[in-house]
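Remarks on the overall topology
The chain contents come next:
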Amino acid sequence: MLASYGLAYSLMKFFTGPMSDFKSVGLVLINSRRDRLKAVLCMVVAGIIAFVLHILIAHTDLGYYIINKLHHVNDSVGNKTRRAFFYLSLFPVLDAMAWIHSGILLKHKHSLLVGSASISDVVAQIVFVAILLQSNLECVEPLLIPILSLYMGALVRFTIVGLGYYCNVHDNIPDTSSIEIGGDATIRKMLSFWWPLALILATQRISRPVVNLFVSRDLKGSDEATEAVAVLTATYPVGHMPYGWLTELRAVYPAFDKNNPANRRTGGASVTKSHIKRFTLCCFLISLTMCFILFWSPGVSESILVHIIGVDESFAQRCITPLRIFSFFPIPVCLRAHFTGWLMTLKKTFVLAPSSALRIGVLVVSLVVLPYMGVHGGTLGVASLLAGFMGEASMVFIGAACVYRRQKSDKNKELVADGENSSPMREVNPTTELDSIQELGEGEGHRGP
């Protein structure tokens, strides 16, 4: 069951990933109620498309090919995975609606509400799992326990951010945006800003299914393959815990950097780029320390897996090496988040698009090459993910460096142009003054005689 849910969840996240990144649209582009309505309309259409795709994969031969054939899983696991995928068909639109309002709240500095909603999501899932385990559902359809808990968590999160928006933001923003901040954002402008971010997030979301696919095929669909996928499913949430929050650092630049026109209307203490860099460094060090404490201290990671995830001791031992590899993920994640936030503020998200291609390329190469070096199972999957992350972060850094260099070059050209325009003025003034003195002298000479 764990392998079936893991496969269905990772495939579902591929569809919800691009939609959840509309949070960035809310953070940067939405300045009025009309802008919000356009963003919500985009999410409704995307949710309908995702729903149709879920139905096709769950009930047609397309799903049998993607799940059973590509992943080399047996019919029992494949049928459960397709059934779980069908149950998750409505999740993308609910998740997207929560994210778009989270972005608007972050834009208006209501990060406490967004954080509370995310924490409430997790708490609600834990509570509902505990409740549903006491019901007859465990015997009737055990797959519904994690899926219903996931829905309830998302519903709680959407309720909190939705009420937060209407209570704190809705009445404080205009019906339409003024010309001073660029006017209303068109749907085309939203999509132009969003598609590179969506492409990157789609690549990130599809990374897990790709890893599951290669790991399963590497072990040729045996019982070891099913166990390896289960190891990955168990280690993803635990390994993601100490560093996953670093991704939210990309919201800091758009929320506080003064290049964003919306921030020019706000008062209060100024947050400089130096403040943002120091804050990012502190977050990175905290995350890295947490990773090494949790995954390298003897017995800590095993205890989490046994007592929280609920696996047995022998299974937990197989997860130790993959979890230790997760200790190095804060490095690429922090770099990627910092420079992505800066480029979002400049509305130059198109620069980020090549990083998605490099990530998936490095990931696939690692998944093909590492087995020849004796790396298999969960270790193969996590090590390849790390390689993909490093490739993506490198490309984001290179893109940001190119934009910075271009900005610096343009600024130097402007300074040179201003200097050339002002030089003739400095030459004219002394000449004019000299001519006046000469004319005055001649006049006095004429009057003298």
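Numbering of residues begins from 1 in every chain and follows the order in which that chain's sequence is written. In view of the model being predicted, local features appear only for residues whose pLDDT reaches at least 70, and side-chain atom pairs are presented and counted only at 80 or more, with totals across whole chains, interfaces and linings using the full set of residues. Side-chain metrics in this entry use all non-hydrogen atoms of the structure; hydrogen atoms and water are not considered.

We now examine the overall build of the protein. Secondary structure assignment for the protein yields 19 helices and 0 strands. In this scheme, a residue with accessible area under 20% of its type's maximum is buried, one over 50% is exposed, and one in between is partly exposed, where area comes from a 1.4 Å probe on protein chains only. A burial count over the protein gives 48% of its 449 residues as buried. A fraction of 82% describes how many contacts in the protein between residues 6 or more apart in sequence connect residues 24 or more apart. Of the roughly 21900 Å² that the protein leaves accessible, carbon and sulfur atoms contribute 65%. The numbering of helices and of strands both runs from the N terminus, where a helix is a DSSP run of H or I of at least 4 residues and a strand a run of E of at least 2. Contacts are residue-level and defined by heavy atoms, with any inter-residue pair within 4.5 Å sufficient. Surface accessibility follows the Shrake-Rupley procedure with a 1.4 Å probe radius. Residue values consider only the protein chains on display as shielding.

Moving on, we get to the pattern of salt bridges. Think of a salt bridge as a Lys or Arg side-chain nitrogen and an Asp or Glu carboxyl oxygen that are within 4 Å of each other. Taken as a whole and judged by the stated rule, the model has 8 salt bridges. With a closest N to O distance of 2.8 Å, Arg157 and Asp121 form a salt bridge. You can see Arg157 sitting in helix H9 (residues 144–168) and its partner Asp121 sitting in helix H7 (residues 111–133), a full 36 residues away along the chain. In this structure, Arg157 and Asp121 share a single accessibility class: buried. Linking Arg318 and Glu227 is a salt bridge whose minimum nitrogen-to-oxygen distance equals 3.1 Å. Highlighted residues: Arg318 in helix H15 (residues 313–318) and Glu227 in helix H11 (residues 223–240), separated in sequence by 91 residues.

So, about the nonpolar core. Core analysis: the biggest nonpolar cluster contains 89 residues, and Phe22, Val25, Met43, Val211, Phe326 and Phe329 have the highest contact counts within it. The element that contributes the greatest number of residues to this core is helix H10 (residues 187–218), accounting for 9 residues. Setting aside its immediate chain neighbours within four residues, Phe326 contacts Thr235, Tyr236, Gly239, Tyr243, Cys291, Phe295 and Val382. Here the nonpolar core consists of buried residues drawn from Ala, Val, Leu, Ile, Met, Phe, Trp, Tyr and Cys, with membership extended through side-chain atoms lying within 4.5 Å. Formed by 20 residues, the second largest nonpolar core is a distinct cluster that contains Leu7, Met12, Ile67 and Val77.

Let's shift gears to the packing of helix H6 (residues 91–107) against H9. One can describe the packing of H6 onto H9 by two numbers: an axis separation of 9 Å at closest approach and a directional angle of 35°. The handedness of the crossing between H6 and H9 comes out as left-handed. On H9, the residues touching Phe91, Leu94, Asp95, Met97, Ala98, Trp99, His101, Ser102, Ile104 and Leu105 of H6 are Leu150, Tyr151, Ala154, Leu155, Arg157, Phe158, Val161, Gly164 and Tyr165. Residue polarity is assigned by list, with Asp, Glu, Lys and Arg as charged and Ala, Val, Leu, Ile, Met, Phe, Trp, Tyr, Cys and Pro as nonpolar; anything else, Gly included, falls into the polar class. Residue composition of the contact of H6 with H9, by class: 14 nonpolar, 3 polar and 2 charged. Where helices are involved, their axes are fitted lines through C-alpha atoms of the stretch in contact, as for all axes, and angles between N-to-C directions lie from 0 to 180°. If you view the pair so one helix is near and one far, a crossing is left-handed when the near helix is turned anticlockwise from the far one by less than a right angle, and right-handed when it is turned clockwise.

With phi around 65°, Lys109 is a residue other than glycine that occupies positive phi space. Positionally, Lys109 belongs in the loop between H6 and H7. Residue Lys109 is classed as partly exposed on the basis of its relative accessible area, which comes to 35%. The phi dihedral of Lys347 falls on the positive side, at around 60°, and the residue is not glycine. Tracing the sequence through the fold places Lys347 in the loop between helix H17 (330–345) and helix H18 (353–369).

Along an α-helix, residues three or four apart share an orientation, since each turn contains 3.6 residues. The length a helix should cover is 1.5 Å for every residue beyond the first. Between the first and last C-alpha of H7 there are 33 Å, a value that for 23 residues agrees with the 33 Å anticipated at 1.5 Å per step. Among all positions of H7, only Val114, Ala117, Asp121, Ala124 and Leu132 are buried.

The next thing to look at is the confidence of the model for the protein. Each residue carries a pLDDT value, the predictor's own confidence for that position, ranging from 0 to 100. With 85% of its residues at a pLDDT of 70 or more, the protein has an overall mean of 82. When the criterion is pLDDT under 50, residues 425–449 qualifies, and its contacts beyond four places in sequence or with other chains add up to 1 contact.

Right, let's get into the packing of aromatic side chains. Here is the rule: rings of Phe, Tyr and Trp (six-membered ring for Trp) pair when centre to centre is within 6.5 Å. Planes less than 30 degrees apart are stacked, more than 60 are edge-to-face, and the remainder are tilted. Counted by the stated rule, this structure contains 11 aromatic pairs. Centroid distance Phe86 to Tyr87: 6.1 Å. Interplanar angle 50°. Geometry classified as tilted. Relative accessible area serves as the criterion here: at 32%, Phe86 is assigned to the partly exposed category. Residue Tyr87 is classed as partly exposed on the basis of its relative accessible area, which comes to 24%. Geometrically, the ring pair formed by Tyr243 and Phe329 is tilted, given 5.3 Å between the ring centres and 35° between the ring planes. Of this pair, Tyr243 sits in the loop between H11 and helix H12 (252–256) while Phe329 sits in the loop between helix H16 (320–325) and H17, and the two are 86 residues apart along the sequence. Like Tyr243, the residue Phe329 is buried in the burial classification. Put simply, a charge is over a ring when the Lys NZ or the Arg CZ is close to the ring centre, within 6 Å, and near the line of the ring normal, within 35 degrees. Its end group placed over the ring of Phe256, Lys109 keeps NZ or CZ at 5.5 Å from the ring centre.

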